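Structure assessment
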Amino acid sequence: MKLRTTSRALSAWIDPETAFLALFAGSEQSFWLDSGRDAVTGYSYLGDGNRTLTASVDTGTVTHSHGADAETTAGTIFDALSDVLREPHHPISTGEFVPGWVGWLGYEVGAELQHTPRHSSRYPDAAFLQPQRMLVFDHERRAVTALVTQDSAADDADFDWLGRIDSLEQAQPPLDAPLATDASARWRHDRQAYGDLIRSAQQRISAGDAYQLCVTNEVLVDGSFEPVAVYRRLRHVSPTHHGGLLRIGGVALVSSSPEQFLRITPDGTITTRPIKGTRPRGHNFEADATQRLDLLASEKERAENLMIVDLMRNDLGRVAALGSVRVSELLAVESYAQVHQLVSTVTAQQAPGVTAVDVVAAAFPAGSMTGAPKISAMTLLDSLEAGPRGVYSGAFGYFGADGAVDLAMVIRSILIDDKGASLGTGGGITALSVVEEEIDETRLKAAALLDALGVANRK
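Below is a summary of the structure that appears in this document. (Residues numbered from 1 in each chain as written. Predicted model: local features only at pLDDT ≥ 70, side-chain atom pairs only at ≥ 80, totals over all residues. Heavy atoms only, no water.)

Moving on, we come to the overall build of the protein. Scanning the protein for helices and strands turns up eleven helices and 25 strands. The globule rule puts the C-alpha radius of gyration for 459 residues at 23 Å, and the 21 Å found for the protein is close to it. Seen through its C-alpha atoms, the protein measures out along the principal axes to roughly 65 × 50 × 40 Å. The proportion of buried residues among the 459 residues of the protein is 59%. Here the contacts in the protein between residues at least 6 apart in sequence split such that 74% fall between residues at least 24 apart. Carbon and sulfur atoms form 50% of the exposed surface of the protein, whose accessible area is close to 18100 Å². One way to put it: in the protein the 40 positive side-chain charges average out to a point 3 Å from where the 58 negative ones average out. (Helix = DSSP H or I, 4+ residues; strand = E, 2+ residues; numbered from the N terminus. Rg over C-alpha atoms; globule rule 2.2 N^0.38 Å. Buried < 20%, exposed > 50% of the residue type's maximum accessible area, 1.4 Å probe, protein only. Contact = heavy atoms within 4.5 Å. Areas by Shrake-Rupley, 256 points an atom, 1.4 Å probe, with all protein chains shown as cover. Lys, Arg positive; Asp, Glu negative; His and termini not counted. Charge placed at Lys NZ, Arg CZ, Asp CG, Glu CD.)

A few words on the packing of helix α5 (residues 191-206) against helix α11 (residues 435-453). Where α5 contacts α11, the two axes come as close as 10 Å, and the packing angle between them is 125 degrees. Taken together, the axes of α5 and α11 lie oblique to each other. For the pair α5 and α11, the crossing hand works out as right-handed. In contact with R191, Y194, G195, I198, R199 and Q202 of α5, α11 contributes V435, E436, E438, I439, D440, T442 and R443. Taken together, the residues of the contact of α5 with α11 break down into four nonpolar, three polar and six charged. (Axes fitted to C-alpha atoms, helices over the stretch in contact; angles between N-to-C directions. Parallel < 35°, antiparallel > 145°, perpendicular 65-115°, else oblique. Left-handed = near helix turned anticlockwise from the far one by under 90°. Nonpolar A, V, L, I, M, F, W, Y, C, P; charged D, E, K, R; others polar.)

The next point concerns empty space enclosed by the protein. Counted by the stated rule, this structure contains five cavities of 30 Å³ or more. Space inside the largest cavity adds up to approximately 190 Å³. In terms of lining, the largest cavity is formed by 22 residues, of which the most central are K276, M369, R412, G426 and K445. If you list the elements that add at least two residues to the lining of the largest cavity, you get β18 (275-280), α8 (299-317), β25 (420-429) and α11. (1 Å grid on protein atoms, 1.4 Å probe; cavity = no way out; pocket = protein on both sides within 12 Å on 5 of 7 lines; lining within 4 Å. Points joined across faces, edges and corners; volume = space filled by probe spheres on them.)

It is worth spelling out the packing of aromatic side chains at this point. What the rule picks out here adds up to ten aromatic pairs. Each ring, one from W13 and one from F137, has its centre 5.6 Å from the other, and the planes form 80 degrees; the classification is edge-to-face. Separated by 124 residues along the polypeptide, W13 in the loop between β1 (3-9) and α1 (16-23) and F137 in strand β10 (residues 133-138) bring together distant segments of the chain. Considered together, W13 and F137 belong to a single accessibility category, that of buried residues. Relative to Y231, the ring of W32 lies with its centre 5.1 Å away and its plane at 75 degrees, an arrangement referred to as edge-to-face. Here W32 is found in strand β2 (residues 30-34), whereas its partner Y231 is found in helix α6 (residues 227-237), with 199 residues between them in sequence. No difference in accessibility class separates W32 from Y231, as the two residues are buried. Ring pairing ties together the aromatic residues F20, F24, W32, F159, W161 and Y231, which thus form one cluster. Against the face of Y107 rests R389, its NZ or CZ located 4.4 Å from the ring centre. (Phe/Tyr/Trp six-rings, centres within 6.5 Å; stacked < 30°, edge-to-face > 60°. Lys NZ or Arg CZ within 6 Å of the ring centre and 35° of its normal.)

A few words now on α1. Every α-helix carries 3.6 residues per turn, so stepping three or four residues along brings you back to the same face. Within α1, six of the eight residues are buried, which leaves the element mostly enclosed by the surrounding structure. Of all the residues in α1, the buried ones are P16, E17, T18, A19, F20 and L23. Among the residues of α1, the N-terminal cap falls to D15, whose side-chain oxygen and the backbone nitrogen of E17 are separated by 3.0 Å. (Polar contact = N/O pair within 3.5 Å; in protein donor to acceptor, adjacent residues only side chain to side chain.)

If you trace the backbone, V309 turns up in helix α8. Aside from chain neighbours lying at most four places away, what touches V309 is P274, V327, L330, S344 and V346.

Cis peptide bonds are those with omega within 30 degrees of zero, and the linkage from F364 to P365 qualifies with -5 degrees. Checked against the element boundaries, P365 lands in the loop between α9 (356-363) and β21 (371-372). The amide bond that connects A372 to the next residue, P373, takes the cis arrangement and shows omega of -10 degrees. Its place among the elements puts P373 in the loop between β21 and α10 (374-385). The residue L331 is not glycine, and still its phi comes out positive at about 60 degrees. As for its position among the elements, L331 is in strand β19 (residues 326-335). The phi torsion at S393 lies on the positive side, around 70 degrees, for a residue other than glycine. Along the polypeptide, S393 turns up in the loop between α10 and β22 (395-399). Judged by its relative accessible area of 0%, S393 falls in the buried class.

Attention now goes to the layout of surface pockets. The gaps of empty space that remain are located by a probe, the size of a water molecule, rolled over the atoms. Roughly 540 Å³ of internal volume is contained in the largest pocket. As for the largest pocket, its lining consists of 27 residues, and the residues nearest its centre are S35, G42, Y43, H241 and H242. Approximately 240 Å³ is the volume found for the second largest pocket. Lining the second largest pocket are 14 residues; nearest its centre among them are T278, R279, E301, E437 and E441. Looking at which element gives the most residues to the lining of the second largest pocket, the answer is α11, with five residues. Grouping the amino acids of the lining of the second largest pocket by side-chain chemistry returns four nonpolar, three polar and seven charged.

Now the structure itself:
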């Protein structure tokens, strides 16, 4: 099938949240890649479709679904993405995303890639959706464009669905009522057990088995949660430049991720922005400034960040043009609603003959979520963590039909299905880590997510 994308500019700006609620909230296969409710630069994308890819690393298969039709083939999600991205397409360039595929890669996909031990996840190890109807929001220009992607042999594109926007209030809708407050969080490792994991990780580091280990924890919450309501709450209490709501195959990913895993432009420029180093926001200006300076001065946090920068340089060096890998920004502080983060930026140029899918496969999973050296760290973490990470610490975003990619880390994220909700939290452990501080950091990172779910118990 040869695809064609048709565009139509809207006459006026509308709020992305209003548009999603009106047009796509009822779609079981839908997405919202969100630059934030107060964004003045960048793009947001929201839409739906009926063609999906879901992968299982346990069976080594990918299921291709198109409406009611489904076919399962052998191979990895990277094989499947390479195939579908080679399909003939007459795209239109609007914003930074020429419609390709939107979805996530779970951590166990990375374990399969790296041939390290892994647990089985209850979620699809990878899931992607091909947009059929989409809105593109250019926040700097305050412009909105509608796109329809269809078989090039089909009749003219149908934009009648835009009619629902005309009667909407342009003001942002009020937030839904609070969610169930009687739900409680069940941590895979309680404070004592997680502290023991940290001490075990430090013993392995002292033995020379690794330099750093990103030790994580899982939180489970029973109950029934409406993904759109949860995401609306989350984006209001924890805004970020890489928020997301993805609903594919009965599973929803809700994210306020602050970390860009990989961005690749159509000309092959690669950017990764690993985060390592965290401090809570202060309760007033002076306390906040003190926390920020403390983060910048921390020997442990700086060393942790530098280790991951070196790891990402090595990963990108395998798929980059010779001599093109650069550290363009080192140890910068970015501030979010709940935390200050230490961020560095590594860039490179895609080598000739290398595809965007090749680049992602070479760098996945991100070193900021494994530790260093990567293979050794992943092997040790599998024995320490006693369960799957699932989608957490993977990546989500888009693969464009023109070779562009923008993927964020699945951190500060919630997974919702018919069994309830889960979230992951963790931190990088080095020989200099203080156990109680590391435990508190994981609780801080989980707090906004539990608030979005209406969960009272954070013990």
